[in-house]
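Listed below are the residues making up each chain.
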Amino acid sequence: MTDLKCGFSPVFDGKSKVLILGSFPSVKSRKIEFYYGNPQNRFWRVLCNYFGEEIPQDTQGKTEFLLKNAIALWDIVTECEIEGSKDATIKNYRVADLDEVLSKAEIKLIILNGGTAYSIFKASYGDIGVPYIKLPSTSPANTHFDENLWKGALDCVFKL
């Protein structure tokens, strides 16, 4: 018997310009039923620093922050078997249908949050026709994180 875990629906609207794809929600994220629920994950800090805003304290605030700043957020894996939060254990997965977002938003750049997201994305969408970039994972497990790489990628779309 398989124990399939389900991810979350995408957060986006017609004004979204950047699509950030993670791999799959962590245990802590699944517990709160929203993206990047581990307070040690750098995701919210990095994005809020970039836009000069405080980190919202709840899901509604985070959703409003994303939409206000033209960020779409989803995971490349929508359903899988996984041990805890370890990307390396993801198996029997279903890949997100990115057309759900790309057909409704003017996405200028897709950011892959880490190596697993990038590998799965590349295997399914390598010839997508939208620019994409692999960035270092915001996970606290990543000891080689560089916030400047994230800033540079976001500047490609948002820098005036």
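The numbers attached to residues start from 1 for each chain and follow its sequence in the written order. Given that this is a predicted model, residues contribute local features only at a pLDDT of at least 70 and side-chain atom pairs are listed and counted only at 80 or more, while totals for whole chains, interfaces and linings are drawn from all residues. Hydrogen atoms and water are omitted, and side-chain values are computed over all heavy atoms in the structure.

A. Examining the packing of aromatic side chains more closely. Pairs were defined over the aromatic rings of Phe, Tyr and Trp, the Trp ring being its six-membered one, requiring ring centres within 6.5 Å. Orientation was assigned from the angle between planes: stacked under 30 degrees, edge-to-face over 60, tilted for the rest. For the structure on display, the rule yields 14 aromatic pairs. Between Phe43 and Trp150, the aromatic rings sit 6.4 Å apart at their centres with planes inclined by 90°, giving edge-to-face as the arrangement. Placement of the pair is Phe43 in helix α2 (residues 43-51) and Trp150 in helix α6 (residues 147-158), with a sequence separation of 107 residues. When sorted by exposure, Phe43 lands in the same class as Trp150, which is buried. Note on Tyr50 and Phe158: the rings are 6.5 Å apart at their centroids and 55° apart in plane angle, and the pair reads as tilted. Within this pair, whereas Tyr50 is found in helix α2, its partner Phe158 is found in helix α6, the two being separated by 108 residues in sequence. Where helices and strands are cited, they refer to DSSP runs of H or I of at least four residues and of E of at least two residues respectively, numbered from the N terminus. When accessible area is computed with a 1.4 Å probe and restricted to protein chains, residues below 20% of their type maximum are described as buried, those above 50% as exposed, and intermediate ones as partly exposed.

B. Layout of α6. Expected helix span is taken as 1.5 Å per residue step, with the number of steps being one fewer than the number of residues. Here α6 contains 12 residues, and its C-alpha end-to-end distance of 16 Å stays within 8% of the 16 Å for a straight helix at 1.5 Å per residue. Counting of polar contacts relies on pairs of N or O atoms within 3.5 Å, with two restrictions inside protein: one atom must be capable of donating a hydrogen and the other of accepting it, and residues adjacent in sequence are counted only when both atoms are side-chain atoms. Where α6 begins, the capping side chain belongs to Asp146, and its oxygen is found 2.9 Å from the backbone nitrogen of Asn148.

C. Examining the sheet that holds strand β4 (residues 77-81) more closely. By definition, two strands form a pair when at least two bridges between them are found by DSSP. Pairing in this open sheet of 3 strands is antiparallel, and the strands run β1-β4-β5 from one edge to the other. What marks the edges here is a single partner per strand, and that holds for β1 (5-6) and β5 (91-95). Here 3 bridges tie β4 to β5, and the two strands are oriented antiparallel to one another. Residue pairing in the sheet places Glu81 in a bridge with Lys91 of β5.

D. View of the pattern of salt bridges. Put simply, a salt bridge is a Lys or Arg side-chain nitrogen that is within 4 Å of an Asp or Glu carboxyl oxygen. Taken as a whole and judged by the stated rule, the model has 5 salt bridges. The salt bridge involving Arg45 is made with Glu147; its shortest N-O contact spans 2.9 Å. Taken as a pair, Arg45 in helix α2 and Glu147 in helix α6 lie far apart in primary sequence, 102 residues in all. Judged by relative accessible area, Arg45 falls into the partly exposed class, the value being 34%. A salt bridge links Glu53 to Lys68; its shortest N-O distance comes to 2.9 Å. Highlighted residues: Glu53 in the loop between α2 and α3 (59-68) and Lys68 in helix α3, separated in sequence by 15 residues.

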